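# Structure assessment
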Amino acid sequence: MKKRYYIISLVVILLGIGLGIFYLKVIRPGNANIPDDIVLETAFGNEYHMGEMNKTAKIIEFMYTHCPDVCPVTTLELSKLRNKLEDEGIFGEKVEFLTITVDPERDTPEVLRDYAGRFQVTSDDDGWYFLTGDEEDIARLGENLRPPFMFRDPGSGEIIHSTWMYFIDGDGNLLENFVMGDDFDIDRAYKRIERTVR
């Protein structure tokens, strides 16, 4: 009888440790570690200081406008999520989107402004920032997130990149990762944002 009690206790302890690790590593990853010295440029010609971000929740998306597949699908899905959040009156005031190009050489502010317009974003006041800047700064920003957002151009102009988006709260805590493309779950993201900002 005692042996059975010890085995059950050991299983419960190991299960608790496993759940604790899962919570700390997956559910609540912690600080987003966004370098505060990075300054990017918006599609509308303004500076965006990563160290002076508004105290709002944010989804960070990395993309490039010449992307043939996952990037435009993701941005389209984000526009649908934005519409739902606007209907609830929380987009812009309590949550913002940052869409950051990984191809700053081709994605100038003018190119990003045209791209943003496809999603009815016409100014920086819309709550959705389309950003470009120094490629090294963008790479450093991506490398500091968890999991890291990695990208490289193998020489073809088609950039190979990770497929994560990052949801952070107003205090800079990384709360959740969302997958890019067709597998992005708008309802899950919406519920997560609602729980965070309400």
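Note: the structure precedes this text.
Just so it is clear, the structure is predicted and the values come from calculations on it, not from any experiment.

## Some remarks on the nonpolar core
Counting residues in each nonpolar core, the largest one holds 55 residues, and the members touching the most others are Ile-59, Phe-62, Leu-81, Leu-85, Ile-100, Phe-130 and Ile-193. Each residue touching Phe-130, except ones within four places of it in the same chain, is listed here: Glu-41, Thr-42, Ala-43, Thr-75, Thr-99, Leu-112, Tyr-115, Ala-116, Phe-119 and Val-121.

## Looking at the layout of surface pockets
There is about 210 Å³ of room inside the largest pocket. Contributing to the lining of the largest pocket are 16 residues, with Met-50, Met-53, Gly-170, Asp-171 and Gly-172 lying nearest its centre. The class makeup of the residues in the lining of the largest pocket is 5 nonpolar, 7 polar and 4 charged.

## Some remarks on the pattern of salt bridges
Under the defined criterion, the tally for this structure stands at 13 salt bridges. Among the ionic pairs, Arg-82 bridges to Glu-86, the shortest N-O distance being 4.0 Å. You can see Arg-82 and its partner Glu-86 sitting in helix 2 (residues 70–87), 4 residues apart, about one turn around the helix. Between Arg-198 and Glu-88 there is a salt bridge, with its nearest N and O atoms 3.6 Å apart. Residue Arg-198 is located in the segment after helix 5 (186–197), and its partner Glu-88 is located in the loop between helix 2 and strand 5 (95–101); the two are separated by 110 residues in the primary sequence. What you see here is one network of salt bridges that share partners, running through Asp-37, Asp-137 and Arg-140.

## Re the pairing of strand 2 (residues 39–42)
Burial along strand 2 is one-sided: the residues Leu-40 and Thr-42 are buried and none of Val-39 and Glu-41 is. Bridge analysis of strand 2 against strand 3 (residues 47–49) gives 3 bridges, and the strand direction is antiparallel. Along strand 3, the bridge assignment pairs Val-39 with His-49. Two successive antiparallel strands, strand 2 and strand 3, enclose a turn made up of 4 residues, where Gly-45 displays a positive phi of approximately 85°. Pairing between strand 2 and strand 6 (residues 128–132): 2 bridges, direction antiparallel. Each bridged residue has a counterpart across the sheet, and for Thr-42 the counterpart in strand 6 is Leu-131.

## Things to note about the sheet that holds strand 9 (residues 164–168)
One open sheet holds the 8 strands; their spatial order is 1-10-9-4-5-6-2-3, and the pairing between them is mixed. Both edges of this open sheet fall to strand 1 (30–31) and strand 3, since each of them pairs with a single strand only. Relative to strand 10 (residues 173–179), strand 1 is paired through 2 bridges, and the arrangement is antiparallel. In the strand pairing of strand 10, Asn-31 is matched with Asn-173. The sheet strands contacting helix 3 (residues 109–117) are strand 2, strand 4 (57–63), strand 5 and strand 6, and the helix crosses strand 6 at an angle near 150°.

## A word on helix 3
Among the residues making up helix 3, those that are buried are Pro-109, Leu-112, Tyr-115 and Ala-116. Angularly, the buried residues of helix 3 cover 120° about the axis, an arc narrow enough to put them on a single face. Where helix 3 is buried, its residues meet strand 2, strand 4, helix 2, strand 5 and strand 6.

## Observations concerning the side chain of Thr-56
Secondary-structure assignment places Thr-56 in the loop between strand 3 and strand 4. Judged by relative accessible area, Thr-56 falls into the buried class, the value being 9%. Those residues in contact with Thr-56, other than ones at most four positions away along the chain, are Glu-93, Lys-94, Val-95, Glu-96, Asp-169 and Gly-170.

## Section: a negative patch on the surface
A surface patch of negative charge is lined by Glu-105, Asp-134, Glu-135, Glu-136 and Asp-153. Residue classification places Glu-135 among the partly exposed residues on the basis of a relative accessible area of 45%.

## So, unusual backbone geometry
In this model, Arg-146 is joined to Pro-147 through a cis peptide bond whose omega is -10°. Within the secondary structure, Pro-147 is located in the loop between helix 4 (135–144) and strand 7 (151–152). The phi torsion at Asn-33 lies on the positive side, around 55°, for a residue other than glycine. Among the structural elements, Asn-33 can be located in the loop between strand 1 and strand 2. Of the residues examined, Asn-33 reaches a relative accessible area of 40% and is grouped as partly exposed. Here Gln-120, not a glycine, exhibits a phi torsion of approximately 60°, which is positive. Relative to the elements of secondary structure, Gln-120 occurs in the loop between helix 3 and strand 6.

What counts, and at which threshold
- Residues numbered from 1 in each chain as written.
- Predicted model: local features only at pLDDT ≥ 70, side-chain atom pairs only at ≥ 80, totals over all residues.
- Heavy atoms only, no water.
- Core = buried A, V, L, I, M, F, W, Y, C linked by side-chain atoms within 4.5 Å.
- Buried < 20%, exposed > 50% of the residue type's maximum accessible area, 1.4 Å probe, protein only.
- Contact = heavy atoms within 4.5 Å.
- 1 Å grid on protein atoms, 1.4 Å probe; cavity = no way out; pocket = protein on both sides within 12 Å on 5 of 7 lines; lining within 4 Å.
- Points joined across faces, edges and corners; volume = space filled by probe spheres on them.
- Nonpolar A, V, L, I, M, F, W, Y, C, P; charged D, E, K, R; others polar.
- Salt bridge = Lys/Arg side-chain N within 4 Å of Asp/Glu carboxyl O.
- Helix = DSSP H or I, 4+ residues; strand = E, 2+ residues; numbered from the N terminus.
- Pairing = 2+ DSSP bridges.
- Axes fitted to C-alpha atoms, helices over the stretch in contact; angles between N-to-C directions.
- Arc of directions from axis to C-beta.
- Patch = residues over 30% accessible without salt bridge, like charges linked within 9 Å, V, L, I, M, F, W, Y side chains within 5 Å.
- Areas by Shrake-Rupley, 256 points an atom, 1.4 Å probe, with all protein chains shown as cover.
- Lys, Arg positive; Asp, Glu negative; His and termini not counted.
- Charge placed at Lys NZ, Arg CZ, Asp CG, Glu CD.

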